[in-house]
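Architecture at a glance
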Amino acid sequence: MASLEASSLEQHIEWDTPLFLMARAQFEQALPFADVSPMVIERLSFPERALIVSVPLRRDDGTIQIFAGYRVQHSTVLGPTKGGIRYDPEVSLGECAALATWMTWKCALLRLPYGGAKGGVRCDVRTLTLPELERLTRRFTSELLEVIGPHTDIPAPDMATNEQTMAWMMDTYAMQMGHVVPEVVTGKPISIGGSVFRREATGAGVVMVTEQACTRLGWSLTGQRCVVQGFGNVGGVAASELHEKGARLIGVSDISGGLHNEAGLPIPELHAYVAENGSLAGYDACERITNEELLELDCDILIVAAREDQITGMNAGRISAKLVVEGANGPTTLEADAILTARGIQVVPDILANAGGVTVSYFEWVQDLGRLFWDRDEIRIRLADKMTDAFDRVWSVSEEKKITLRQSAMVAAIREVAGALEVRGIYP
Ligand code: NAD
């Protein structure tokens, strides 16, 4: 017990970066309501394992360039770890540690038999050609061989990675094993064991919980004035689903900036434009605004689906939405969270709102292990059941304990992991 009290919480660890400290502060804010033992708190405060690799890439011109790669596994209490691989100039050990921690809570909240992981390569994909990306992915996968596997750690796509990236990862792993192993990654193309509806799952899940929140708040989703930041896998699909359900999309944005039209934006036309031009850059059939202005637009529902750190102490006081839904991971800083709460703006937290992706990833893994595949309707129904069940638990803990949705989602998640950790105990 003495060594537990000389808490490692006080030590400075390499992943103690602002994003990781934010993930840990969210954990600590939920603890007073979670009723778990000091052993559980201590054990779940840090990732179990982290790997840093340097990945050499032969560029098309023959030169060699070295990239930093990471994989962090936060908890194996409930099962193998699960989490995305991102290619981004900001990827770091601290970022991966924070994102891996959130993945643990997300999987636990959805009652999936996984812990959290996250990884990536620090690079800017816009400077790499397709053959370079393939070589980088295959070499990065080789570097991860010791720590990934269908029963140890199962990667999935994240920022700037996609089905093709997962296909290269799966093929590289299969070549090393000598047989095909579709269940080593999720988010693969359907032709090699991917699941129907995986690509749309995160964005669709975001809209499922948005609809549930509207119902609880006594609103109808139809006609709500919505703004979506990020027009990629999550934001792009969420915008389409909202559009199909009759909501009015008055603003959307991507890295190139924002678009605004009070009368509603033509979402299918914007998708066609992005498919042809690569981004929203240059689209001028409506008012162009900056991403900063987009976040502050007067609207009913704001979906932040781009990246972390978007609603901060600087702009939280000017957010005009009545409901914020976190499609991205960690888009709201602690300071901003407190400001939004004080202003009575409900925030549906990331670990609930964007859990549709990992839930259908879990369905994909189960289908691959069983070599038996489900159809789109079945997956959509199963996803809706899981999201509704989690949403209801979060909402009722929030009402019962008079805490924010983020705190109640964390409480529900921590309790799932704590229950398993208590009965498993600490080895040896
Ligand atoms: P993506 O790369 O497909 O799309 C990201 C979008 O955000 C792009 O349109 C990009 O241009 C835009 N963007 C980037 N920086 C921006 C900025 N500063 N301002 C405005 N727009 C910006 O990535 P994604 O898969 O949609 O992931 C987005 C977020 O959702 C990330 O935080 C990711 O971790 C999270 N997430 C993704 C999934 C998934 O299944 N893809 C699941 C859970 C969570």
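A brief report on the enclosed structure follows. (Residues numbered from 1 in each chain as written. Predicted model: local features only at pLDDT ≥ 70, side-chain atom pairs only at ≥ 80, totals over all residues. Heavy atoms only, no water.)

1. Thoughts on the overall build of the protein
- In terms of regular secondary structure, the protein is built from 15 helices and 12 strands.
- Taken against the 2.2 N^0.38 rule, which gives 22 Å for 428 residues, the C-alpha radius of gyration of the protein at 21 Å falls within 12% of a compact globule.
- With the C-alpha coordinates of the protein rotated into their principal frame, the extents come out at 60 × 55 × 45 Å.
- For the protein, the proportion of its 428 residues judged to be buried stands at 58%.
- As displayed, the protein has an accessible area near 17,200 Å², and 53% of this comes from carbon and sulfur atoms.
- Between the averaged position of the 39 positive side-chain charges in the protein and that of its 56 negative side-chain charges there is a distance of 3 Å. (Helix = DSSP H or I, 4+ residues; strand = E, 2+ residues; numbered from the N terminus. Rg over C-alpha atoms; globule rule 2.2 N^0.38 Å. Buried < 20%, exposed > 50% of the residue type's maximum accessible area, 1.4 Å probe, protein only. Areas by Shrake-Rupley, 256 points an atom, 1.4 Å probe, with all protein chains shown as cover. Lys, Arg positive; Asp, Glu negative; His and termini not counted. Charge placed at Lys NZ, Arg CZ, Asp CG, Glu CD.)

2. Digging into the packing of aromatic side chains
- The full count for this structure, using the stated rule, is 9 aromatic pairs.
- Taking 5.9 Å as the distance between ring centres and 45° as the angle between the ring planes, the aromatic pair formed by Tyr362 and Phe363 counts as tilted. The same class applies to Tyr362 and to Phe363, which are both buried.
- Measuring from ring centre to ring centre gives 5.5 Å for Phe391 and Trp395, while their planes differ by 25°; the resulting arrangement is stacked. Of this pair, Phe391 and Trp395 both sit in helix 14 (residues 376-401), 4 residues apart, which is roughly one turn of the helix. Of the two residues, Phe391 and Trp395, neither departs from the other in class, the shared state being buried.
- Every member of this aromatic cluster is reached through a ring pair, and the members are Tyr114, Tyr362, Phe363, Trp365 and Trp374.
- The residue whose ring lies beneath Lys322 is Trp219, and the NZ or CZ to ring-centre distance is 5.8 Å.
- Between Arg382 and the ring centre of Trp374, over which it is positioned, the NZ or CZ distance is 4.0 Å. (Phe/Tyr/Trp six-rings, centres within 6.5 Å; stacked < 30°, edge-to-face > 60°. Lys NZ or Arg CZ within 6 Å of the ring centre and 35° of its normal.)

3. Structural notes on the nonpolar core
- Of all hydrophobic cores here, the largest spans 99 residues; its most connected members are Trp105, Leu109 and Val252.
- Element by element, the count of residues in this core is highest for helix 4 (residues 93-109), at 12 residues.
- One finds Val55, Leu57, Ile85 and Phe140 within the second-largest nonpolar core, a separate group that totals 24 residues. (Core = buried A, V, L, I, M, F, W, Y, C linked by side-chain atoms within 4.5 Å.)

4. A look at helix 7 (residues 198-217)
- The terminal C-alpha atoms of helix 7 lie 29 Å apart, and with 20 residues this matches the ideal 28 Å at 1.5 Å per residue to within 8%.
- At Ala204, helix 7 shows its maximal kink, close to 30°.
- Of all 20 residues in helix 7, 14 are buried; the element is thus mostly enclosed.
- Of the residues one or two after helix 7, Gly218 is the one with positive phi, at around 80°. (Expected span 1.5 Å × (residues − 1). Bend = angle between axes of the 7 residues up to and from the residue.)

Any link to function would need more than the numbers given here.
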